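The primary structure of each chain is shown beneath.
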Amino acid sequence: MTRIPDPSPRRGALRAALAAGAALATPAVHAQPADWPTRPLRMIVPFGPGSTPDVLARVVADRLAPALRQPVVVENRPGAGGNVGTDAVAKAAPDGYTVGVSITGPLVNNTVLYRKMPYDPFADLAPVTLAATQPNVLAVSSELGVGTVRELMDLLRRNPGRYNYASVGAGTVAHLSMELIKARTGTYIVHVPYNASPAAVMSILQGDTHMACLAPLAVMPQVKAGKLRALAVTTRERSVFVPDVPTFREAGIADIEATAWIGIVVPARTPAPVVERLNREIVAVLKEPASVERLRAVYMEPIADTPQQFGAFMREELARWTPVIRRAGVTID
């Protein structure tokens, strides 16, 4: 499985410059227990059941368990924009029995967004692999009566501060995508964070919020049911998953590109041979035709790379999103 196309033309140069200095990209070398694993593994997801990281974790866990000949138990620990569950991974024993399935916010952006973090993802976690990517879709309540991005922007400009949007937590791509939209269009929309995409979508359906920029898995079932309307995708080109939904550029708004991603990490100082074994087994799972089919059925594109590549990618994402967060002036105590 090849990696997704580079969303930034500077990515190649960044990778070369950053890979050499990315301490997190190379886990500390310790001897691997000869009989590892000898007991069940737990796979911590820092968001609720039904969220996209949760869906991916369960696909991976189902096939990883027979490969390791041990159960792999998925544990949901949402809270604080993904920090609660990711902190649990960072503070777990570095023995290979705790694995984290997390996203941009708790792995990268929260380091800029939060005034104080309980962990440092670049020092306290070791990357295993980038696991999947997906576009985000700007979806609005059908009750708003708008059918295009232009109509939505006109409505927002006439009513600054009247409308709000849901996200899956501060610092996530769902949050920052909307902040980019606000910056590019000069609109003001109130942010309402939730712990997972099902809760965010439910808030729109119940009338508590009006829109969201979420993964297709979260919004497209409700779009097909006529309860939400999909206005645009956050990718440079139209997504093969939702080919009928235009890009923001097609809708008249340039420079709105934000790909959501899910990665797999373990505590720092996990023995390098264990990290390598996990990488090898998880990459094999992600390449299985059955796994590819299951993930693409829920709008995710499986990715397979090395711990070093994923570590460099995380630092590239930090360089990419830090200016957006600073420009938006968003901080959390």
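In this text the structure is predicted, and so the values were computed from the model without any measurement.

K.L.:
Talk me through the sheet that holds strand E2 (residues 72-76); I want residue IDs and the actual numbers.
P.N.:
An order of E2-E1-E3-E10-E4-E11 is seen for the 6 strands of this open sheet, with the pairing classed as mixed. Looking at strand neighbours, the two that pair on one side only are E2 and strand E11 (301-302), the edges of this open sheet. Sheet analysis places strand E1 (residues 41-45) next to strand E3 (residues 98-103), joined by 3 bridges and oriented parallel. Bridge pairing in E3 places Ile44 opposite Gly100. Each of E1, E2, E3, strand E4 (125-134) and strand E10 (260-267) is contacted by helix H2 (residues 52-68), which is oriented at about 160° to E2, the strand it contacts most.

K.L.:
Give me H2: which residues, what numbers.
P.N.:
Across its 17 residues, H2 extends 24 Å between first and last C-alpha, which sits within 8% of the 24 Å expected from 1.5 Å per residue. At Ala61, H2 shows its largest bend, some 25°. Positive phi appears at Arg69, one or two residues downstream of H2, with a value of about 60°.

K.L.:
Residue-level account of helix H9 (residues 216-224), with values.
P.N.:
Looking only at H9, the buried set comprises Pro216, Leu217, Ala218, Val219, Met220 and Val223. With its phi angle positive at about 85°, Gly226 sits one or two positions after the end of H9.

K.L.:
Please set out empty space enclosed by the protein residue by residue, giving values where relevant.
P.N.:
Taken as a whole and assessed by the stated rule, the structure comprises 3 cavities of 30 Å³ or more. Of the pockets and cavities examined, the largest cavity occupies roughly 200 Å³. Lining the largest cavity are 20 residues, and of these Thr52, Ile103, Gln134, Val168 and Ala260 lie nearest its centre. Secondary structure elements with two or more residues in the lining of the largest cavity: H2, helix H7 (173-185) and E10. The residue makeup of the lining of the largest cavity, split by class, is 13 nonpolar, 7 polar and no charged.

K.L.:
Outline the sheet that holds strand E7 (residues 190-193), listing residues and values.
P.N.:
Strand order in this open sheet of 5 strands is E7-E6-E8-E5-E9, and the pairing throughout is mixed. Every interior strand has two partners, whereas the edge strands, E7 and strand E9 (228-233), have only one. Ignoring which end each strand starts from, the neighbouring axes of this sheet average 30° apart. Alignment of strand E5 (residues 137-141) against E9, held across 5 bridges, turns out to be antiparallel. Residue pairing across strands places Ser141 opposite Leu228, the latter belonging to E9. Helix-sheet contacts for H7 involve E5, strand E6 (164-167), E7 and strand E8 (211-214), and the interaxial angle to E6 is about 150°.

K.L.:
Talk me through the environment of Val192; I want residue IDs and the actual numbers.
P.N.:
Examined against the element boundaries, Val192 turns out to sit in strand E7. Exposure remark for Val192: the relative accessible area of 23% places this residue in the partly exposed category. For the pair formed by Val192 and Ala212, sequence separation is 20 residues and the distance between their alpha carbons is 9.6 Å.

Criteria and cut-off values
- One numbering rule holds for all chains: residues counted from 1, following each sequence as written.
- Given that this is a predicted model, residues contribute local features only at a pLDDT of at least 70 and side-chain atom pairs are listed and counted only at 80 or more, while totals for whole chains, interfaces and linings are drawn from all residues.
- For the side-chain quantities, the full set of heavy atoms in the structure was used; hydrogens and water were omitted.
- Strands were regarded as paired on the criterion that DSSP finds at least two bridges between them.
- Comment: elements are numbered from the N terminus, with helices defined as DSSP H or I runs of at least four residues and strands as E runs of at least two.
- Contacts between residues were defined by any pair of non-hydrogen atoms, one from each residue, lying within 4.5 Å.
- Structural elements are reduced to axes, namely lines fitted to C-alpha atoms, with helices fitted over the stretch in contact, and the angle between N-to-C directions of any two is expressed from 0 to 180 degrees.
- One less than the residue count of a helix, multiplied by 1.5 Å, gives the span that helix is expected to have.
- Bend at a given residue is defined as the angle between two axes, one fitted to the seven residues that end at that position and one fitted to the seven that begin there.
- Per-residue accessibility, obtained with a 1.4 Å probe over protein chains only, is compared with the maximum for each type, and a residue is labelled buried under 20%, exposed over 50%, and partly exposed between these values.
- Here a cavity denotes a set of grid points, spaced 1 Å apart and computed over the protein atoms alone, in which a 1.4 Å probe fits but from which it cannot get out, and a pocket denotes an open set meeting protein on both sides within 12 Å along at least five of seven lines; residues with an atom within 4 Å of a point are reported as lining.
- Grid points are joined across faces, edges and corners, and a volume is the space filled by probe spheres set on the points.
- Note on residue categories: nonpolar means Ala, Val, Leu, Ile, Met, Phe, Trp, Tyr, Cys or Pro, charged means Asp, Glu, Lys or Arg, and polar means any other residue, Gly included.

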